[in-house]
Amino acid sequence: MSNKQECTFTSVAPYPKVRQLAHGLKDGDYASICKAAEMMADGIREMAAGHNCVLVPIPNHHGRAVYTKTLANEISRRTGIPTWDILSCRPHMPLHYAKKNDLKPEGIYLKLNLYRQVPEQFTPIVIDNVLDTGYTAGAAIKAVGHPNTMLAVLGHTKNHLTNKNYQFNQLATNMEKKMQEQPSDMKQSANSTKKQVKNKTDTPLAVYQRLKSKHPDALILMRNGDFYRSLNEDARKVSDTLQIPAQKPKFKKDGELIAEFPHHALDVYLPRLIQAGNRVAIADMQELGRKQTINQTKNQTQTDTMEKKTEKKKTKAKDAKVDNTEMKAETKKEDKAVEKSAEQSTGQKVHKPREPQMVTVNGEKVSHGHAFQSNQDPNKWYFTARLDGQQLRPQLMKPEDVKAYQERTTNVESLMQTYYPTKLAKKVTPEEYKADNKLSDGRVIEKMVVYKEHDEQRQDVGKYKLYTQVGEQKMSRTMSKEDLNAYFDRVTTPSKLVEKNFGEQLHLASFYNQFRLPENAGVKEVRIAKSQQGDWTVSADLGDKGVTSKAVLSWHDKQSLFTMKTATKEQLAARYLNTEIKSMAAEKQTQRSAMKV
């Protein structure tokens, strides 16, 4: 038997059908919130029938309910169910960001706090945007602590089925009930209409060929969702000009070759294409597809109505002519729209956006880079910028950088390199990241996880830690800020992180290669000896400069020197005695200078 706690939930539709509305809801768009509330209201009314319910919005990653509270208030206006904003949490990483970086949601410390207990006579309905893994919803249900807590969301995925603690049972939506109650003839007509629409040539390749035949001398860019793409010979031109990869698509409907880039990079890439001598035509596939679908549905409805009214051949012929005339008129409008977009893409009439302050090797635009003075401490200055429109966290500046900024002797690129180096480094692909799991000595990294410590009994609670397993060795340590940024920005690989953080424990030669004796120090001999207390020590003989003190070797250093043979005695002397050797050499040089004087 399963030990999962059961929870009933209602959802308007699967997430792919409400994706665009869910994005608008998360962005705080009021029109999207009202539309979502209208769609969710019916399901919540059915769920609340016979219960005395309250709406409980889930807080976001900043710790308070924002757009979910507005959504709950709009649902309350339509259903009469009161809203109780009684949940909060500590700020944490957004779950969608963790998923993007291959982190499990369980690795994020998420604990919700309850400000007000829900009496037993009330039934709480938790309000959220999307039910995905159920991790956030489960945390909210646990915090509320009511045995009959229910959940209402705009959309859902199947990922909640893998949740180990909660079993989410969905109520049938009104949309599904109406589809079941539809007469068979209505279903058949709806299905026939869908088939007719799907059979039309609205594939990316068909749209590209139609536009290319009208504008053979133009390079066609088609907006499809969050990307601009180009096909066939135009894809090759785009790849060569912009230095982006061109790939062979999986399906024939996408052409023989495809090259695409994010929509936000258009302001950077479009001038490059034009400067290379290309005439560029831009089309929105969603807009063209919407127009074509409306036309096809309209024509099909008119044809069905006319067939019912009369069976005369003359009337059918006249109506067919009218349909052809409308199709031709719509085609002319579409051609004019494409030609107008092509003219605008040449830069003759379109307003040019402000150029970014710099563009990274990954094609991301840096803008709004500036320094500002702290309101609380005037001696502190911070530097910040935006990367593709996303605000970066301000970084405390060094005094010398503040002075250079005020005297205008530095620039944004230099400051970005100092305070956001991982944002400027080249990102590794997912394939490169997964493939680089071998250490320099050939051993394989069996497991590597970045997680947030949530054991409140530990001193490092709330800090990110790196855990790895190589063979039978299992190790973990707190990550530095530099390594953490490199990991989340995907500019490093597992082997680099493991060798840097656990090179000593793994007795790697790459760890000891960083230690070198100073040049011209006059080291005559390095001695490894065992003391009377049984400790192994290292010392260096500098000739007339004297002999250094004896430094005790660690267990890992002894293993690397005697067993693994990955460290030399010179490297161990450099690790323990470099500071003393430099001091002795400098003192001897001072004495010689004094004697000359």
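So, how was this worked out
Residues numbered from 1 in each chain as written. Predicted model: local features only at pLDDT ≥ 70, side-chain atom pairs only at ≥ 80, totals over all residues. Heavy atoms only, no water. Helix = DSSP H or I, 4+ residues; strand = E, 2+ residues; numbered from the N terminus. Buried < 20%, exposed > 50% of the residue type's maximum accessible area, 1.4 Å probe, protein only. Contact = heavy atoms within 4.5 Å. Pairing = 2+ DSSP bridges. Axes fitted to C-alpha atoms, helices over the stretch in contact; angles between N-to-C directions. Polar contact = N/O pair within 3.5 Å; in protein donor to acceptor, adjacent residues only side chain to side chain. Core = buried A, V, L, I, M, F, W, Y, C linked by side-chain atoms within 4.5 Å. Parallel < 35°, antiparallel > 145°, perpendicular 65-115°, else oblique. Nonpolar A, V, L, I, M, F, W, Y, C, P; charged D, E, K, R; others polar. Salt bridge = Lys/Arg side-chain N within 4 Å of Asp/Glu carboxyl O.

Asker: Got a minute to help me understand the overall build of the protein in this structure?
Answerer: Helix and strand counts for the protein come out as 21 helices and 22 strands. Taking all 597 residues of the protein together, the buried fraction comes to 41%. When contacts within the protein are restricted to residue pairs at least 6 apart in sequence, long-range pairs at least 24 apart make up 64% of them.

Asker: For this particular structure, what's the right way to read unusual backbone geometry?
Answerer: Residues apart from glycine generally show negative phi values, whereas peptide bonds are mostly found in trans. Of note, His368 is a non-glycine position whose phi angle comes to about 55°, a positive value. Take His368: it is sitting in strand S13 (residues 365-373). Within the chain, Lys565 stands out as a residue other than glycine whose phi angle is a positive 60°. Tracing the backbone shows Lys565 in the loop between helix H20 (555-563) and helix H21 (569-596).

Asker: What am I meant to see in the sheet that holds strand S19 (residues 473-478) here?
Answerer: Strand pairs in the sheet, formed through backbone hydrogen bonds, run parallel or antiparallel to each other. Strand order in the open sheet made by the 3 strands is S17-S18-S19, with antiparallel pairing throughout. Only two strands of the sheet have a single neighbouring strand rather than two, namely strand S17 (445-452) and S19. Sheet twist, expressed as the mean angle between neighbouring strand axes with direction ignored, is 15°. Pairing geometry for S17 and strand S18 (residues 464-470), over 7 bridges, is antiparallel. The residue of S18 that forms the bridge with Lys447 is Gln469. Each of S17, S18 and S19 touches helix H18 (residues 494-502); the most contacted strand, S17, lies at about 80° to it.

Asker: Explain the pairing of S19 here, please?
Answerer: Remark: a regular strand shows side chains that alternate across the two faces of the sheet. Where S18 lies against S19, 6 bridges are found, and the strand directions are antiparallel. Residue pairing for S19: Gln469 is matched across the bridge by Lys474. Counting the residues between successive antiparallel strands, the hairpin from S18 to S19 contains 2 residues, one of them, Gly471, with a positive phi of roughly 65°.

Asker: Explain the side chain of Thr384 to me, please; I cannot follow it from the model alone.
Answerer: Residue placement: Thr384 occurs in strand S14 (residues 381-387). At 2.9 Å, the side chain of Thr384 forms a polar contact with the backbone oxygen of Leu392. Not counting the four nearest positions on each side in its chain, Thr384 is found in contact with His368, Gly369, His370, Phe372, Gln391, Leu392, Arg393, Pro394 and Tyr420.

Asker: Would you take a moment to explain the nonpolar core for this structure?
Answerer: Grouped together as the largest cluster of nonpolar side chains are 26 residues, with contacts concentrated most on Ile44, Leu71, Ile125, Ile127 and Leu154. Among the secondary structure elements, those contributing two or more residues to this core are strand S1 (5-14), helix H1 (19-26), helix H2 (30-48), strand S2 (53-57), helix H3 (67-79), strand S5 (123-131) and strand S6 (150-156). Here the element with the most residues in this core is H2; it accounts for 7 residues.

Asker: Would you mind going over the sheet that holds strand S10 (residues 258-262) with me for this structure?
Answerer: A sheet is described by the order of its strands in space; here 4 strands give the open sequence S10-S9-S8-S11, paired in mixed fashion. Only two strands of the sheet have a single partner each, and these edge strands are S10 and strand S11 (279-284). Strand-to-strand twist of the sheet, defined as the mean angle between neighbouring strand axes without regard to direction, takes the value 30°. The pairing of strand S8 (residues 218-224) with S11 spans 6 bridges and is classified as parallel. By the bridge assignment, Ile220 is partnered in S11 with Ala281. Together, S8, strand S9 (227-231) and S10 form the strand contacts of helix H9 (residues 232-242), whose direction differs from that of S9 by roughly 120°.

Asker: Is there a simple way to think about the side chain of Asn232 in this case?
Answerer: For Asn232, the position within the fold is in helix H9. Classification of Asn232 by relative accessible area gives buried; the value is 14%. Not counting chain neighbours up to four residues away, the residues in contact with Asn232 comprise Leu205, Tyr208, Gly255, Glu256 and Leu257.

Asker: Could you clarify how one ought to interpret the packing of helix H17 (residues 481-488) against H18 in this entry?
Answerer: For any two helices packed against each other, one specifies the inter-axial angle together with the distance between the axes. Running from amino to carboxyl end, H17 crosses H18 at an angle of 170°, the nearest separation of the two axes being 11 Å. When the axis of H17 is compared with that of H18, the two are roughly antiparallel. Between H17, through Glu482, Asp483 and Tyr487, and H18, the contact on the second element is made entirely by Leu497, Lys500 and Asn501. Looking at the contact of H17 with H18 residue by residue, the classes come out as 2 nonpolar, 1 polar and 3 charged.

Asker: Whenever I open this one, the pattern of salt bridges confuses me. Can you help?
Answerer: Working definition: two side chains of opposite charge can pair if their charged atoms are close together. For the coordinates displayed, the defined rule picks out 21 salt bridges. In this structure, Arg78 and Glu74 form a salt bridge, with 3.0 Å as the shortest nitrogen-oxygen distance. On the criterion of helical spacing, the pair formed by Arg78 and Glu74 is a turn pair, its members being 4 residues apart in helix H3. When its relative accessible area of 25% is taken as the criterion, Arg78 is described as partly exposed. The buried category is assigned to Glu74, whose relative accessible area is 5%. The salt bridge involving Glu453 is made with Arg458; its shortest N-O contact spans 3.6 Å. The network of salt bridges with common partners includes Glu38, Glu74, Arg77 and Arg78.

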